[in-house]
Amino acid sequence: MATFTTETVTRTVRRWVVPAAEPWGACIGDINAACTAACRAYRDAHGLPEGASLPDDALRFHVRDDEIVIEFATEASAAP
């Protein structure tokens with residue numbers, strides 16, 4: 001008889017989307033504001049104190065057609 005366990009993993013992706021339409025692109029103020037909000041949310045999600053440095057791979061930046069997306073993901077496991 002086989003012996004195994006199972007688990008369910010829920011992945012949550014948080015995103016901040018900054019408009020960056022050509023020909024002007026995105027404003028640094030908008031990028032800084034979104035990055036600050038993302039950093040704060042990352043610290044909250046991981047229980048880090050305000051001002052704590054983040055790991056280099058904490059946030060990901062993606063370029064889409066007319067926007068810049070800043071994101072991070074968290075996962076939670078639960079046994080059924």
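Structure first, text after, so check above.
Chains are numbered independently. Their residues run from 1 in the order of the written sequence. Side-chain atom pairs in this predicted model are given and counted only at pLDDT of 80 or more, local residue features only at pLDDT of at least 70, and totals for whole chains, interfaces and linings cover all residues. Hydrogen atoms and water are omitted, and side-chain values are computed over all heavy atoms in the structure.

> Tell me what's going on with the environment of A34, and back it up with residues and numbers.
For A34, the location among the structural elements is in helix α1 (residues 28-46). Note: C-alpha distance between A34 and W16 (18 residues apart in sequence) is 6.0 Å. Once residues lying within four places of it in the same chain are set aside, the contact partners of A34 are W16, V18 and I70. The helix and strand labels rest on DSSP assignments: H or I over at least four residues marks a helix, E over at least two residues marks a strand, and numbering proceeds from the N terminus. We call two residues in contact when some of their heavy atoms are within 4.5 Å.

> Mind laying out the sheet that holds strand β2 (residues 60-64), listing which residues take part and the relevant values?
Here 3 strands make up an open sheet; going across it, the order is β1-β3-β2 and the pairing antiparallel. This sheet does not close on itself; its edge strands, each paired only once, are β1 (8-19) and β2. The sheet shows a mean angle of 30° between the axes of neighbouring strands, taken without regard to direction. By this definition, two strands are paired if DSSP reports at least two bridges between them. When β2 meets strand β3 (residues 67-78), the two strands line up antiparallel, connected through 5 bridges. Residue pairing in the sheet places H62 in a bridge with V69 of β3. Along the sheet, α1 makes contact with β1, β2 and β3, crossing β3 at roughly 5°. The axes used here are C-alpha line fits, helices contributing only the stretch in contact, and every angle between their N-to-C directions lies in the interval 0 to 180 degrees.

> With reference to specific residues and values, describe the state of the cysteines.
The disulfide criterion is simple: two cysteine sulfur atoms within 2.5 Å. Taken as a whole and assessed by the stated rule, the structure comprises 0 disulfides. The closest cysteine sulfur to the non-disulfide-bonded C27 is located on C35, 16 Å from its own sulfur. C39 takes part in no disulfide bond, and the closest cysteine sulfur, belonging to C35, lies 4.2 Å away.

> Mind laying out the packing of aromatic side chains, listing which residues take part and the relevant values?
Two rings from Phe, Tyr or Trp (for Trp, the six-membered ring) form a pair when their centres are within 6.5 Å of each other. A pair whose planes differ by under 30 degrees is stacked, one over 60 is edge-to-face, and the rest are tilted. This model, assessed by the stated rule, comprises 2 aromatic pairs. For the pair W16 and F72, a centre-to-centre distance of 5.8 Å together with 20° between the ring planes defines the contact as stacked. Of this pair, W16 sits in strand β1 while F72 sits in strand β3; the two residues are 56 residues apart in sequence, bridging distant segments of the chain. Remark: exposure states derive from per-residue accessible area (1.4 Å probe, protein chains only) relative to the maximum for the residue type, with buried under 20%, exposed over 50%, and partly exposed in between. Since its relative accessible area comes to 14%, W16 is described here as buried. Assessed through its relative accessible area of 3%, F72 is described here as buried.

> Let's hear about α1: which residues, and what values?
What a helix is expected to span follows from its residue count: subtract one and scale by 1.5 Å. Compared with an ideal rise of 1.5 Å per residue, which puts 19 residues at 27 Å, α1 spans 27 Å between its outermost C-alpha atoms and is within 8% of the ideal. The complete set of buried residues in α1 reads A34, A38, C39, A41, Y42 and R43. If you follow the buried residues of α1, they end up packed against β1 and β3.

Distances and angles like these do not, on their own, reveal function.
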